[in-house]
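Tertiary structure, described
Here's the letter readout for the chains.
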Amino acid sequence: IDRVKILFQVNRDGLVAPGGSVTPVAALGAARRIVAQEGVTALWRGTGAAVTRILPYSATTFAVYPMYNAALAHAFGEPESGDIATRFAAGALAGTTATVFTYPLDLLHARSAAHLTGGVAARDFGTHHGVNFAG
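Note that this is a predicted model, so its numbers are computed, not measured.

Moving on, we come to the overall build of the protein chain. Across its full length, the protein chain holds 6 helices and 0 strands. Along the protein chain, from the amino end to the carboxyl end, the secondary structure elements read α-α-α-α-α-α. With 135 residues in all, the protein chain has 32% of them scored as buried. The long-range share in the protein chain, meaning contacts at least 24 apart out of those at least 6 apart in sequence, stands at 60%. Carbon and sulfur atoms provide 66% of the accessible area of the protein chain, an area that totals close to 8,500 Å².

Structure (structure tokens):
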């Protein structure tokens, strides 16, 4: 589950013994702890923001790809559909554009999923990534 993965990324020290590695057993233990402390629905905390991000991301990619493809094909004097390199570059630009527009939702997803009861993981996330989440 995505929440367990994010918790290991931002708060590994609190979930794995010092010097230990992330294993399926450690992930299962973390999931059990989350269920015991916060309830089973806590495993899906932050998922709403991730799902909400999918629609605008896909819509943006779908909307801007033809524009990028046509502009690049015209710039390089190629047929309207462009060659493989042009389509690849247009796809990369479309994905970048969509990511820029939907990044706030992705950040909301990570912040929500990284929150543990007591706020330890959210505090550590800010410490390790240079972001202040103090409220």
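Once that is clear, we can look at the pattern of salt bridges. The tally for this structure, following the rule as stated, stands at 3 salt bridges. The closest approach of N and O atoms between Arg53 and Asp106, which form a salt bridge, is 4.0 Å. On the criterion of sequence distance, the pair formed by Arg53 in helix H4 (residues 47-75) and Asp106 in helix H5 (residues 84-114) is long-range, its members being 53 residues apart. Three or more residues joined by partner-sharing salt bridges are found here, namely Arg3, Glu38 and Arg45.

On to helix H3 (residues 24-38), then. With 15 residues, H3 ought to run about 21 Å at 1.5 Å a step, and its terminal C-alpha atoms sit 21 Å apart, in line with that. Within H3 the residues assigned to the buried category are Ala26, Ala30, Ala31, Ile34 and Glu38. The buried residues of H3 occupy an angular sector of 140 degrees when projected down its axis, which confines them to one face. Pointing more than 90 degrees away from the buried face of H3 are the exposed residues Pro24, Val25, Arg32 and Ala36.

A few words now on the nonpolar core. Of all hydrophobic cores here, the largest spans 9 residues; its members are Val4, Leu7, Phe8, Ala26, Ala30, Ala31, Ile34, Ala42 and Leu43. Elements represented by at least two residues in this core include exactly helix H1 (2-10) and H3. Take this core: its biggest share by element is 4 residues, from H3.

In this model, the protein chain carries a mean pLDDT of 79, and residues with pLDDT of at least 70 account for 77%. Segment residues 119-135 is flagged for pLDDT under 50; beyond a separation of four residues in sequence, or across chains, it makes 19 contacts in the model.

The next point concerns the packing of aromatic side chains. Applying the stated criterion to the full structure yields 0 aromatic pairs. Residue placement shows Arg53 over the ring face of Tyr57; its charged tip is 5.2 Å from the ring centre.

Reading the values: the criteria
- Residues numbered from 1 in each chain as written.
- Predicted model: local features only at pLDDT ≥ 70, side-chain atom pairs only at ≥ 80, totals over all residues.
- Heavy atoms only, no water.
- Helix = DSSP H or I, 4+ residues; strand = E, 2+ residues; numbered from the N terminus.
- Buried < 20%, exposed > 50% of the residue type's maximum accessible area, 1.4 Å probe, protein only.
- Contact = heavy atoms within 4.5 Å.
- Areas by Shrake-Rupley, 256 points an atom, 1.4 Å probe, with all protein chains shown as cover.
- Salt bridge = Lys/Arg side-chain N within 4 Å of Asp/Glu carboxyl O.
- Expected span 1.5 Å × (residues − 1).
- Arc of directions from axis to C-beta.
- Core = buried A, V, L, I, M, F, W, Y, C linked by side-chain atoms within 4.5 Å.
- pLDDT = per-residue confidence, 0-100.
- Phe/Tyr/Trp six-rings, centres within 6.5 Å; stacked < 30°, edge-to-face > 60°.
- Lys NZ or Arg CZ within 6 Å of the ring centre and 35° of its normal.

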